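Spelled out from the first residue to the last, the chains are:
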Amino acid sequence: MWPWGHLAVAYLLYTGYHWRRDRRPPRALPVIALAIGSQFPDLIDKPAAWTFGFLPGGRTLAHSIFVAALLLPAAYRLSRRLGRPETGVAFAIGHASHLVADIPPTAILARDLSATTFLFWPVLEPPQYQSPESILAGFLRYSMGWYEWVQLGLVGIAFLAWYRDGAPGLGYGRRALERVTGNRGLSGSKR
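To start, this report covers the structure provided alongside it. Predicted model, so just to flag it, every value in this text is computed and none were measured. (Residues numbered from 1 in each chain as written. Predicted model: local features only at pLDDT ≥ 70, side-chain atom pairs only at ≥ 80, totals over all residues. Heavy atoms only, no water.)

Thoughts on the packing of aromatic side chains
Then step 1. For the coordinates displayed, the defined rule picks out six aromatic pairs.
Then step 2. Centre to centre, the rings of Trp-2 and Trp-4 are 5.1 Å apart; their planes meet at 5 degrees, and the pair counts as stacked.
Then step 3. You can call Trp-4 partly exposed: its relative accessible area is 39%.
Then step 4. Arranged with centres 5.7 Å apart and planes meeting at 45 degrees, the rings of Phe-159 and Trp-162 form a pair that is tilted. On the criterion of helical spacing, the pair formed by Phe-159 and Trp-162 is a turn pair, its members being three residues apart in helix H7 (residues 146-164).
Then step 5. When the ring centre of Phe-118 is taken as origin, the NZ or CZ atom of Arg-59, which lies over that ring, is 5.6 Å away. (Phe/Tyr/Trp six-rings, centres within 6.5 Å; stacked < 30°, edge-to-face > 60°. Buried < 20%, exposed > 50% of the residue type's maximum accessible area, 1.4 Å probe, protein only. Helix = DSSP H or I, 4+ residues; strand = E, 2+ residues; numbered from the N terminus. Lys NZ or Arg CZ within 6 Å of the ring centre and 35° of its normal.)

Concerning the nonpolar core
Then step 1. Tyr-11, Tyr-14, Leu-34, Ala-90, Phe-91, Ile-103 and Leu-119 are the most contacted members of the largest nonpolar core, which totals 19 residues.
Then step 2. For this core, the secondary structure elements donating two or more residues are helix H1 (3-22), helix H2 (28-51), helix H3 (65-81) and helix H4 (85-101).
Then step 3. No other element matches H4, which puts four residues into this core.
Then step 4. Here Leu-119 is in contact with His-63, Ser-64, Ile-65, Phe-66, Leu-99 and Ile-103, once residues within four sequence places are set aside.
Then step 5. Residues Ala-49, Trp-50, Leu-55 and Trp-121 belong to the second largest nonpolar core, which totals five residues. (Core = buried A, V, L, I, M, F, W, Y, C linked by side-chain atoms within 4.5 Å. Contact = heavy atoms within 4.5 Å.)

Shown next, in the form of structure tokens:
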């Protein structure tokens, strides 16, 4: 799944969870943690495998449920210690949704669990697939098939949900841009 597909799936799951639990839109800091969590496995595994070559594939270490079993409780404990438990929950939803979304739809439709072995690395070997020579080559190699179009549709739906929720996190981005550029006229949002 593409990075924006992971982000869309994570946001749709999180906003649904949050509205059901709190009956209000998500807050900015947890949404930022969600975004990081939704990308975290690829931010670790893809460079480590494709660029530096010290992992056997782009879905290994950070895609493993064994790492998730250690990482997610630790992230939650840290967020509780910092007085922000919802941030830990959001990171966990982002990370877990990434792992599930990386299961190929064809594996689910054909009931072929061999494509899920990456979840159990290093106990099981990851599925073999053509690894690109770099991250840029990986992006340039892919074409738009039905799965990519579905992901784009999810991105559109997630964008509408995020907009409906008041664009949580956008204010942080604006303030960061103001700090970098020194322009104080950009922010108008308190989110």
